[in-house]
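# Inside the fold
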Amino acid sequence: MTPKRLYFVLIGAIFLLFVAIIVGAYGINSLLGTRADKLTDLKAKSQALDKEQLSLVDAKKDVAKYSSLQQIAQSVVPEDKSQAEAVREIVNLSAAHGISLASITFPASSLGSTGAGSTSTSSTTSTSTVSPTVNANALANSSASKLSQLQRVPNIPGVYALQITVQSDSKQPVSYDSFVGFLNELEHNRRTAQISSISLQPKTNSDLLTFTLVLNEYIKP
């Protein structure tokens, strides 16, 4: 091989090596770019998972923190419309303020016409006797009985109102202060939290009065 041919062979080899280096560098650069993109995606997913994990931890803390709210809600809003319990509480409150009641009545039941049963509830601190109108069907445990006599409360899903009418004994009028104290106790009672109507009948030539109240008992069956 002549020196001239050797020279051209070396020049060709160097050129091919240079091209190979360029192609290799381009391939390595593309590979590194692809791996970098994957690494970026993995880091983003990892950060997202970390955020979700932190959110889950915070959510668990919130669940533990507010787990008692359900019990509080149940204690504030009764789950049943136990008329006997409502009558007992109203009678006890009235007796505490020296008020005698003539009647405590509830709306007529829509379950049927089996007739209304009559029960008497007497206060241990008063001689008053209350005869509420209680429909026997309303004491059943079926879903229909739970919603009987109830009215939906607007804008509060799942909450119902039961109307209760309380009438004082016309033969035993009470003072205005006793009446106001009785009202205050009713408004702070979890079964009779709202008084929707008040009718007062003052006695002639006297500071005493009789009254008729319409209460709303809120229930979340």
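Reference entry: report on the structure contained in this document.

So, how was this worked out
- Residues numbered from 1 in each chain as written.
- Predicted model: local features only at pLDDT ≥ 70, side-chain atom pairs only at ≥ 80, totals over all residues.
- Heavy atoms only, no water.
- Helix = DSSP H or I, 4+ residues; strand = E, 2+ residues; numbered from the N terminus.
- Buried < 20%, exposed > 50% of the residue type's maximum accessible area, 1.4 Å probe, protein only.
- Contact = heavy atoms within 4.5 Å.
- Areas by Shrake-Rupley, 256 points an atom, 1.4 Å probe, with all protein chains shown as cover.
- Axes fitted to C-alpha atoms, helices over the stretch in contact; angles between N-to-C directions.
- Left-handed = near helix turned anticlockwise from the far one by under 90°.
- Nonpolar A, V, L, I, M, F, W, Y, C, P; charged D, E, K, R; others polar.
- Pairing = 2+ DSSP bridges.
- Polar contact = N/O pair within 3.5 Å; in protein donor to acceptor, adjacent residues only side chain to side chain.
- Salt bridge = Lys/Arg side-chain N within 4 Å of Asp/Glu carboxyl O.
- Expected span 1.5 Å × (residues − 1).
- Patch = residues over 30% accessible without salt bridge, like charges linked within 9 Å, V, L, I, M, F, W, Y side chains within 5 Å.
- Core = buried A, V, L, I, M, F, W, Y, C linked by side-chain atoms within 4.5 Å.

Now for the overall build of the protein. When you go through the protein residue by residue, the secondary structure sums to five helices and 10 strands. The buried share of the protein, reckoned over its 221 residues, is 27%. Pairs at least 24 apart in sequence give 69% of the contacts found in the protein among residues at least 6 apart. Surface summary for the protein: the accessible area is close to 14,700 Å², and the carbon and sulfur share equals 58%.

One way to put it is that helix H3 (residues 83–96) packs onto helix H5 (residues 176–187) with a least axis distance of 9 Å and a crossing angle of 150°. Here H3 runs over H5; the crossing is right-handed. On the side of H3, the interface is formed by Ile-90, Leu-93 and Ser-94, while H5 contributes Phe-182, Glu-185 and Leu-186. Residue composition of the contact of H3 with H5, by class: four nonpolar, one polar and one charged.

A few words now on the pairing of strand E9 (residues 194–202). One ladder, built from eight bridges, connects E9 with strand E10 (residues 208–219); its direction is antiparallel. For Pro-202, the partnering residue across the bridge sits in E10 and is Leu-209. What sits between E9 and E10 in their antiparallel hairpin is a turn of five residues, with Asn-205 showing a positive phi close to 55°.

We now examine the pairing of strand E7 (residues 160–168). As paired elements, strand E1 (residues 101–105) and E7 share four bridges and run antiparallel to each other. If you follow Thr-105 over to E7, its bridge partner there is Thr-165. As defined by bridge partners, strand E6 (residues 150–152) adjoins E7 across three bridges and the pair is classed as antiparallel. Pairing of Gln-151 across the sheet is with Ala-161, part of E7. Pairing of E7 with E10 involves eight bridges; the strand directions are antiparallel. Opposite Ile-164, over in E10, you have Leu-215 as the bridge partner.

So, about the environment of Lys-203. Take Lys-203: it is sitting in the loop between E9 and E10. Sequence separation between Lys-203 and Ser-170 is 33 residues, and the spatial gap between their C-alpha atoms is 9.6 Å. Excluding its chain neighbours within four sequence positions, the residues that come into contact with Lys-203 are Ser-170, Pro-173, Leu-208, Leu-209 and Thr-210. For Lys-203, the side chain forms a polar contact with the main-chain oxygen of Ser-170, separated by 3.5 Å.

Right, let's get into the pattern of salt bridges. Per the stated rule, a full pass over the model turns up one salt bridge. Ionic pairing is found between Glu-85 and Arg-88, a salt bridge with its closest N-O pair at 2.5 Å. Of the two residues, Glu-85 and Arg-88 both sit in helix H3, three residues apart, roughly one turn of that helix. Classification of Glu-85 as partly exposed rests on a relative accessible area of 23%.

Attention shifts here to the environment of Val-180. Positionally, Val-180 belongs in helix H5. When the C-alpha atoms of Val-180 and His-97 are compared, they prove to be 9.5 Å apart, with 83 residues separating the residues in sequence.

For the rest of this paragraph, the subject is H5. Taking 1.5 Å per residue, 12 residues should reach 16 Å; H5 reaches 17 Å between its end C-alpha atoms and fits that length. Buried within H5 we find Phe-179, Gly-181, Phe-182, Leu-183 and Leu-186. Contacts made by the buried residues of H5 are with H3, strand E8 (174–175), E9 and E10.

What follows deals with a nonpolar patch on the surface. A surface patch of nonpolar side chains, amounting to about 610 Å² of accessible area, comprises Phe-15, Leu-16, Phe-18, Val-19, Ile-22 and Val-23. For Leu-16, the position within the fold is in helix H1 (residues 3–65).

Turning our attention to the nonpolar core. Grouped together as the largest cluster of nonpolar side chains are 25 residues, with contacts concentrated most on Ile-90, Ile-104, Phe-211 and Leu-213. Elements with a minimum of two residues in this core: H3, E1, E7, H5 and E10.

Read these as geometric descriptors, not functional statements.
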